[in-house]
Amino acid sequence: MDDKLTGIAAFVQAVDSGSFAVAAERMNLTRSAVAKSVGRLERRLGARLFHRTTRRQSLTEDGQAYYERCVRALAELDAAEATLDSGRREPRGRLRVSAPVLFGRHCVAPVLMTLAQQHPQLQVEISFSDRVVDLLEEGIDLAIRIGPLPDSTLLAARRLGTQRMGIGASPAYLARRGRPESAEALDGHACIVYGRAGQDLRWRVRDGDGVREPRMDVKLRMDDVQAIADAAIAGVGLAWLPCWMLSRYLASGELECVMGHELVYPNDVHAVWPQSRYLPSKTRVAIDALVEEIPKIIGK
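Residues numbered from 1 in each chain as written. Predicted model: local features only at pLDDT ≥ 70, side-chain atom pairs only at ≥ 80, totals over all residues. Heavy atoms only, no water.

Draft legend 1. Region of interest: the side chain of Thr162. On the secondary structure map, Thr162 appears in strand β6 (residues 155–163). Among residues more than four places away in sequence, those in contact with Thr162 are Pro266, Asn267, Asp268, Ile298 and Gly299. (Helix = DSSP H or I, 4+ residues; strand = E, 2+ residues; numbered from the N terminus. Contact = heavy atoms within 4.5 Å.)

Printed below as a string of structure tokens:
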């Protein structure tokens, strides 16, 4: 029976991921093991489930019909396991988490490392990437998102806290260009912006009772927050940074605060996960730990 279920799970993963290689990665198996498992399933059923070529694979008519029934059956099994799991005190199994690179390393990883030590049967796998991952497509249990969340019926979310932001610059830059004393005075100053996939992260500051997006001179565009801080320290221009990060450089004197969190709009931080009727205990304890600890790290 175990081999039968393994074959079904491998088959569904191969369909969902589009390849045996990706399915193998998600299941922590080799590509060969997944291919052999699906092959045994086809022989047992006496039916071909995939059309295979050197470049792609697609479902046969029998494969499509079988896939639809397998998905429903596995969903029922998952629901049954989740029901039992919700009554467990001890979380177990592999928890796959995606987090932004810098925030993940400095804020998320310490919380989850402690969690893994507290629960011996829990294995935590963290992927650091500023890319917005597709949780369902990539088999991610939990992701950390910074900034506004788009509406989604597929994902559930819980707010972890608010990441306060500030604008900093090196003493050398301010001596050379002067210190902007207002939102309007930011216009024309050199800046280093966060940009990814052709989109720049907009700077938003309070200007009286309204909001202003400064018209600045972009000198550097990077997709790494640490590199942006390094460039600011080197005197390239102003940098828009999380306060928990900026405070270290203010203390060392490498940067000075041009505009504090009172005038710079913050970003909310959320945990998101695939929407389901039952939340596994491994995911629930991770969310609870992040809700408890993240505000302490980033400041309320």
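Draft legend 2. Spotlight on the environment of Gly253. You can see Gly253 is positioned in the loop between α9 (243–252) and β14 (256–259). Residue classification places Gly253 among the partly exposed residues on the basis of a relative accessible area of 38%. With 20 residues separating them along the chain, Gly253 and Ile233 place their C-alpha atoms 9.6 Å apart. (Buried < 20%, exposed > 50% of the residue type's maximum accessible area, 1.4 Å probe, protein only.)

Draft legend 3. Highlighting the packing of aromatic side chains. In this structure the tally under the stated criterion is five aromatic pairs. Pairing Phe20 with Phe50 gives two aromatic rings, centres 5.7 Å apart and planes at 80 degrees, and the pair type is edge-to-face. One end of the pair, Phe20, is in helix α2 (residues 20–27); the other, Phe50, is in strand β1 (residues 50–52), with 30 residues separating them in the sequence. Taking relative accessible area as the criterion, Phe20 reaches 5% and is therefore assigned buried. For Phe50, a relative accessible area of 2% puts it in the buried group. Ring geometry for Phe103 against Trp244: centres 6.4 Å apart, planes inclined by 70 degrees, an arrangement best described as edge-to-face. Highlighted residues: Phe103 in helix α5 (residues 101–118) and Trp244 in helix α9, separated in sequence by 141 residues. A relative accessible area of 3% places Phe103 in the buried class. Through a chain of ring-to-ring contacts, the aromatic side chains of Phe11, Phe20, Phe50, Tyr66 and Tyr67 assemble into a single cluster. Over the ring of Tyr265 we find Arg204, and its NZ or CZ is 4.6 Å from the ring centre. Stacked on the ring of Tyr265, the Lys or Arg Arg206 has its end atom at 4.3 Å from the ring centre. (Phe/Tyr/Trp six-rings, centres within 6.5 Å; stacked < 30°, edge-to-face > 60°. Lys NZ or Arg CZ within 6 Å of the ring centre and 35° of its normal.)

Draft legend 4. Up close: the nonpolar core. Ranked by size, the top nonpolar core spans 38 residues in total, and within it Phe103, Leu142, Ile144, Leu241, Leu290 and Ile294 carry the most contacts. With sequence-adjacent residues up to four places away left out, Leu290 is seen in contact with Val108, Val111, Leu112, Leu142, Ile144, Leu160 and Pro295. Counting 18 residues, the second largest nonpolar core, distinct from the first, contains Met165, Ile167, Cys191 and Val264. (Core = buried A, V, L, I, M, F, W, Y, C linked by side-chain atoms within 4.5 Å.)

Draft legend 5. Looking closely at the packing of α5 against α9. Where α5 meets α9, the closest approach of the two axes is 11 Å, and the angle between their N-to-C directions is 80 degrees. On the basis of their axis angle, the class for α5 and α9 is roughly perpendicular. When α5 is examined against α9, the residues Leu102, Phe103, His106 and Cys107 are found in contact with a partner set consisting of Trp244, Met245 and Arg248. Residue classes in the contact of α5 with α9 are distributed as five nonpolar, one polar and one charged. (Axes fitted to C-alpha atoms, helices over the stretch in contact; angles between N-to-C directions. Parallel < 35°, antiparallel > 145°, perpendicular 65-115°, else oblique. Nonpolar A, V, L, I, M, F, W, Y, C, P; charged D, E, K, R; others polar.)

Draft legend 6. Structural detail: helix α8 (residues 225–233). Within α8 the residues assigned to the buried category are Ile228, Ala229, Ala231 and Ala232. Looking straight down α8, one finds that the buried residues subtend no more than 160 degrees of arc, so they occupy a single side. Elements that come into contact with the buried residues of α8 comprise β8 (190–196), β12 (217–222), β13 (238–242) and α9. Capping the start of α8, Asp224 holds a side-chain oxygen 3.0 Å from the backbone nitrogen of Gln226, two or three residues further along. Just downstream of α8 lies Gly235, where phi reads positive at about 90 degrees. (Arc of directions from axis to C-beta. Polar contact = N/O pair within 3.5 Å; in protein donor to acceptor, adjacent residues only side chain to side chain.)

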